[in-house]
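Chain and residue survey
The residues making up each chain are set out below.
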Amino acid sequence: MKSQELRQAWIDFFVGKQHALLPPASLVPHEMSTTLFTIAGMEQFVPVFLGEQPPPAPRAVTVQRCLRVAGAKSDIESVGRTGRHGTFLEMLGNFSFGDYYKSEAIRWAWEFVTDVLRLDPERLYVTVHLGDDDADRIWTNEVGLDASRISRFDEENFWTMGPTGPCGPSTEIFYDIGAAHASGPEDTGPNRGDRFLEIWNIVFQQHNRTADGTLRDLPRKSIDTGAGLERMLAVCSGVASMYETDLFTDLVAAQPPIGKTTLEQSEWRARQNIIADHARAATFLINDAVYPSNTDRGFVLRFLIRRAIRNGKLLGYPDGFFAGLAPAVVASLQSGYPELAQSASRIVSALELEEATFERTLERGLAMVDRIINESLERQRRTIDGREAFVLHDTYGFPLELTREIAAEQGLVVDTVAFDRLMEEQRSRARSDAAAKRETVAVTDLQAARSEFTGYDEGLEAEGEIVAILQDRSPVPALTAGDRGAIVLDRTPFYAERGGQIGDRGEIRTPSGGVFDVVDTQYVGDAIAHYGEVREGTIGVGDRAHARVFEHWRREIRRHHTSAHLLQRALKDVLGDEVNQAGSWVGIDRMRFDFRWPGGALSPQQKRDVARRVNEMIRDDSHLVTRILPLEEAKKTGAIWMAGEKYGDRIRVVQAGASLEFCGGTHSHSTGELGIFVILSESSIGSGIRRIDSCVSEAAEEYLNRQGELIGKLSSVLATSPEELSERVEKMQRDVKDLQTTLGQLRAKFAAVEAAEYVARAERRGDRAFIGAVVHEANAEAVRHLGNAIRSRLRSGVVALAGIDDGRVSLLVSASEDMVKSGVHAGNLVKIAASKIGGKGGGQAAQAQGGGPNVDGADAAVAAIRDAVLT
C-alpha cells in the first residue's frame, strides 16, 4: 500500500461515518498552547474539549502533521535507528465532540483495521486502562476479541498532551510484527519490547488536569483518536520499519551517492534515514512559516537542518545537498498537502541560505575547537570543559556530536554532564519564558468568553455592556478614579492588537459619569480587553457603556495598514514572487514591513522603483473592496496569505487596487487617502530577512517637510542651491581628503625630525637599545607615524610610545628582528603596559598596539616596558 492510498482510505472511511473532513492545523500551535509545536491531532481542538469553543462539527476526521523533538513526546534520539520513531509524522484522527463514545469508536477502529486494511486479526492485540471495564467489555462482547488478547495498564493507557489540559484513559491496538523482532524472551505482548507495534490509540477525553494536578470532568465526553500513518503504513506494506515505506525510500533514493566516509557500512542507512526524516520536518516547518534562527521554533528548525547536514558530511555528501532534497519531499507529500508545491521555491531558498550559513559556522567552529583542544593538550587535560562545548553549540551552532568526534581523534572527551546541565538550565529558562507568556487571564475566568468587534460595520463608536473588569490580571467588580486596569465589553469598536496592527485608543463612558481612558487594546483569549485608567467616577461590571475610538488614531493606523498591503504588492512586482512577508508592525506614524528576500540589500534603484510603484497605486485612488469568503474559496482568488498563519473557516479578503490579501485589520476607504508613501530605511534584521520602515499620510508630509527644511538650511550654510547640494558636499569631501593627505605628509616630515632626536636619546644596556616616550596630543595614527620613523632609524632595539589624545592613551611597541630572535615579544610587552592605563592590547612579536582610558598611567606603562626590556 502507498502512503496516499492509506491517507485517502482513512478519510473515505470516516466521511462515510458522517465525519466532517477538517483541514489540518499548522505545525505552529495557538500562541497560548503549552507545546512548542503541534504534537497531536487533537491539539487544535483543545478549546473545544474544554468547552471554550463550540465544536466545528459533531464528528470530525483529520490528517494532522505533527512534530516531536522536545519534551515527553520527543523521539529525536531514536530517529532513523528504530523502525517506528521520527520527528515529523502524520497523525490520522477521528473525533467525536459529545456525539458517539466508546462503543462506536472501538467498533469502527476494528472495522477499519480488519475490513479496510485487511490486517490479520490473529496478529492484533489490545490494551485498556486498569480501571476501564467498559472498554474491556466492548472489546470482548461487541467486537468478539478473546480476553487473552487484552492487556491492562495504568500510565501506559492514560493519555495526556502535557502537565495540564484534556486527558483521559485510552485503549490501543497493537500489531505483532513477528518473533524475529522481539527484544527478548519476555517480549510476549504489548508494551514489553519491540515485537508488538502500536498502530491505533483511542483516547476517551473526559478529564481536564489543572495546574495542581486535579482531574476535573470535561463539559462533554469526547473521542480523540490518533493513529500514526507511518507506522500503520509499514504494517500494511508488510515491512517492520516505516523507513522501508515509500514515504522514506523515495527520499533516501534522492540523496547523493555515498562518498568518502569513515562510517561503518552498518551506519549508512541510519544516517540516510535521519536525513530523510529531518528533510520532511524542515520542509513542513518552512512551509508553515518557521525559519532558522537562534530562538524558539527557529532554533529547533536550525538544529534539524544542521543535524541532517552533519550526517550528510559524515556520508561524504557534497555541499548543498540538503536543499536539493526539498523537491523530493514535496513530490512525496503533495498529494496529501497540495500547498507544498506553492511553497517549494521558498523552502529551497531558505534551506540554501541556512546551508551556506552553516558552512561558515563550521569554519569558525572548527577553528575554535582546534584552539580548545590545543589548550587542553598544553595543560595536559584529557577532558574538554562542558561549558566550552556548550558555548560552541549555543552561540555558534556547532553540534556537540561534532565537537565530541573531533576531540576523540585527539584522545580527548567532552564533559557531557556539564554540557547537559547547561542545556537543561537553558530549557528551564525557555519553559519559564513560555509559562510567563501564558500567565494571563484565562477566558474561562471571564464572565464573557467573546467580544464582538463592531468596527468593520459601525465605525468608531458603539454601545455595549461591561462584562468583566481586570486589575493585575484578576477579575474585580469595579474601578474608581485613578485606578488602572482593563475593561471587557461584549461589543466594542476598538480594534485589539493583532496581525501587527497596534491596538486602538479612545475612551469609554458610562451613564453614571464614569470615564475610562483607553491607552491600549489587546485580546485576552476571544475577549477584547481595553487597558487604561479611570479618569472620572466609577466603572462597574454590568454597566452600560459608550465606547469611542479616537478618530485621528484609527485614521492614521488604517492608512498605514493599507500601505503595508501596497508595499507587499510593489515588492513582488519589482523583486519577484520570491518576496514573502515575514512580519509587520503598523502604527500611527509609521509602518514596518519585514520580508524574506534572498537577493540581499535593495539597491537605490530598487528602492526607488518600489516607492514609485506604491505611489502609483495610491494615485490610482482605488476603493477598497472587502469580501468574506470560505477559506478554500478565498485561496482560489489568488490573494496573498501568510504561510503558518491560523485562519478560520471564513476569511476576510481585502482588495486595494492591484493588491489582494487575507486580512482582518482596518483599512482606508481608498488608496488615495494615503497621500504619499515614503521609505524611511531599508535594512537587514537576520539571515535572508529585510526590513523596510515607511510612512504615509500626515507622517509622510511631516517627514518631507523636515527633509525640505534640512536641505534648505544646508544649502544656505554651504552657499549653494538645493540642486547643487550633492555636488558641493562631494567637492568638500574631496577637499577634506586632500587636506588629510597633506596633513599626513607634514606629520611624516615632523616625525622624521623628531625621530632623529629620539634615536639620539636612546637608552642602552649591553646589546639592547630602548626608546620610550609619552607623546602628548598624539592619537593612534600620529603614534604610528612616529614609531615607523624611529624604527627606520634604529637598526636594533625596542620602541615604546604612549600617545595621549582626547582622554585616551594609544600604545605602540615595536621590536627589531634581532630583538625578536632574542626572545622579545611586542604583543606581550603591550599586555604588560595595558594594565597601567586600564585597557588592553596585543599583537605580533615585531609590533603590537593597545589602548586605555587612564592617561595618568601613561608614564608607568612606558616604564613597565622599559623594565621588561632592559632588566
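On a predicted model such as this, the values are computed, not experimentally measured, just so you know.

**Some words on the packing of helix 5 (residues 229-236) against helix 6 (residues 246-253)**
- Direction vectors running N to C along helix 5 and helix 6 enclose 95°, while the axes themselves pass 10 Å from each other. By the angle class used here, helix 5 and helix 6 are roughly perpendicular. Within the contact between the two elements, helix 5 uses Leu229, Glu230 and Leu233 and helix 6 uses Asp246, Leu247 and Phe248.
- Within the contact of helix 5 with helix 6, the residues separate by chemical class into four nonpolar, no polar and two charged.

**Overview of a negative patch on the surface**
- A cluster of acidic residues, Glu723, Glu724, Glu727 and Glu730, forms a negative patch on the protein surface.
- Within the element layout of this structure, Glu724 appears in the loop between helix 18 (697-717) and helix 19 (725-760).
- Given a relative accessible area of 45%, Glu724 falls into the partly exposed group.

**Focus on the packing of helix 6 against helix 9 (residues 326-333)**
- Two elements in contact, helix 6 and helix 9, have axes separated by 10 Å at closest approach and are oriented at 155°. In terms of orientation, helix 6 and helix 9 fall into the roughly antiparallel class. Handedness of the helix 6/helix 9 crossing: right-handed. Residues Asp246, Leu247 and Leu251 of helix 6 form the contact with helix 9, whose participating residues are Ala328, Val329, Ser332 and Leu333.
- A breakdown of the residues in the contact of helix 6 with helix 9 according to their chemical character gives five nonpolar, one polar and one charged.

**With respect to the pairing of strand 24 (residues 591-596)**
- Counted residue by residue, strand 24 has five buried out of six residues, so it is predominantly covered.
- The sheet contact formed by strand 23 (residues 580-586) and strand 24 spans six bridges and is antiparallel. Across the sheet, Asn580 pairs through a bridge with Arg596, a residue of strand 24.
- The turn linking strand 23 back onto strand 24 is made up of four residues.
- Judged from the six bridges that link them, strand 24 and strand 29 (residues 689-696) form a sheet pairing that is antiparallel. Paired with Arg592 across the two strands is Asp693, which belongs to strand 29.

**Quick look at the sheet that holds strand 27 (residues 659-662)**
- The three strands are arranged 25-26-27 in an open sheet whose pairing can be described as antiparallel. The outermost strands of the open sheet, each flanked by one partner alone, are strand 25 (625-630) and strand 27. Going across the sheet, the axis of each strand differs from the next one's by a mean of 25°, ignoring polarity.
- Sheet contacts for helix 15 (residues 551-575): strand 26 (650-656) and strand 27; angle to strand 27, the most-contacted strand, approximately 115°.

**Considering the side chain of Glu90**
- In this fold, Glu90 is placed in strand 3 (residues 88-97).
- A distance of 2.7 Å separates polar atoms of two side chains, one belonging to Glu90 and the other to Tyr337.
- Sequence-distant contacts of Glu90, defined by excluding residues within four places in its chain, comprise Arg7, Val63, Gln64, Ala227, Gly228, Leu229, Glu230, Leu247, Leu333 and Tyr337.

**Focus: the sheet that holds strand 28 (residues 677-686)**
- Within the open sheet, the four strands sit side by side as 23-24-29-28. Their pairing is antiparallel. What marks the edges here is a single partner per strand, and that holds for strand 23 and strand 28. Sheet twist, expressed as the mean angle between neighbouring strand axes with direction ignored, is 20°.
- Strands in contact with helix 18 are strand 28 and strand 29; relative to strand 29, the strand with the most contacts, it is inclined by about 90°.

**As for helix 15**
- Its 25 residues give helix 15 an end-to-end C-alpha distance of 36 Å, which sits within 8% of 36 Å, the value for a rise of 1.5 Å per residue.
- The buried fraction of helix 15 amounts to 21 of the 25 residues, a majority that puts the element mostly inside the structure.

**Re the nonpolar core**
- In terms of nonpolar packing, the biggest core is built from 112 residues, with Phe112, Val113, Trp139, Ile199, Trp200, Phe322 and Leu351 touching the most fellow members.
- The dominant element in this core, judged by the number of residues it contributes, is helix 10 (residues 339-378), at ten residues.
- Apart from the residues within four sequence positions on either side, Leu351 is in contact with Ala282, Ile286, Ile305, Phe322, Ala323 and Ala326.
- Listed in part, the 30 residues of the second largest apolar core include Trp553, Leu567, Val586 and Val610.

**Regarding the environment of Glu497**
- Mapping Glu497 onto the fold places it in the loop between strand 17 (491-492) and strand 18 (506-509).
- The exposure class of Glu497 is partly exposed, given its relative accessible area of 33%.
- A distance of 2.7 Å separates polar atoms of two side chains, one belonging to Glu497 and the other to Gln522.

**Some words on helix 16 (residues 604-619)**
- With 16 residues, helix 16 extends 22 Å between its outermost C-alpha atoms, agreeing within 8% with the 22 Å of an ideal straight helix rising 1.5 Å per residue.
- All buried positions along helix 16 are accounted for by Val610, Ala611, Val614, Asn615, Met617 and Ile618. When helix 16 is viewed along its axis, its buried side chains cluster within an angular range of 155° and face the same direction.
- For helix 16, the elements touching its buried residues are helix 15 and strand 28.

How each quantity is defined
Residues numbered from 1 in each chain as written. Predicted model: local features only at pLDDT ≥ 70, side-chain atom pairs only at ≥ 80, totals over all residues. Heavy atoms only, no water. Axes fitted to C-alpha atoms, helices over the stretch in contact; angles between N-to-C directions. Helix = DSSP H or I, 4+ residues; strand = E, 2+ residues; numbered from the N terminus. Parallel < 35°, antiparallel > 145°, perpendicular 65-115°, else oblique. Contact = heavy atoms within 4.5 Å. Nonpolar A, V, L, I, M, F, W, Y, C, P; charged D, E, K, R; others polar. Patch = residues over 30% accessible without salt bridge, like charges linked within 9 Å, V, L, I, M, F, W, Y side chains within 5 Å. Areas by Shrake-Rupley, 256 points an atom, 1.4 Å probe, with all protein chains shown as cover. Salt bridge = Lys/Arg side-chain N within 4 Å of Asp/Glu carboxyl O. Lys, Arg positive; Asp, Glu negative; His and termini not counted. Charge placed at Lys NZ, Arg CZ, Asp CG, Glu CD. Buried < 20%, exposed > 50% of the residue type's maximum accessible area, 1.4 Å probe, protein only. Left-handed = near helix turned anticlockwise from the far one by under 90°. Pairing = 2+ DSSP bridges. Polar contact = N/O pair within 3.5 Å; in protein donor to acceptor, adjacent residues only side chain to side chain. Expected span 1.5 Å × (residues − 1). Core = buried A, V, L, I, M, F, W, Y, C linked by side-chain atoms within 4.5 Å. Arc of directions from axis to C-beta.

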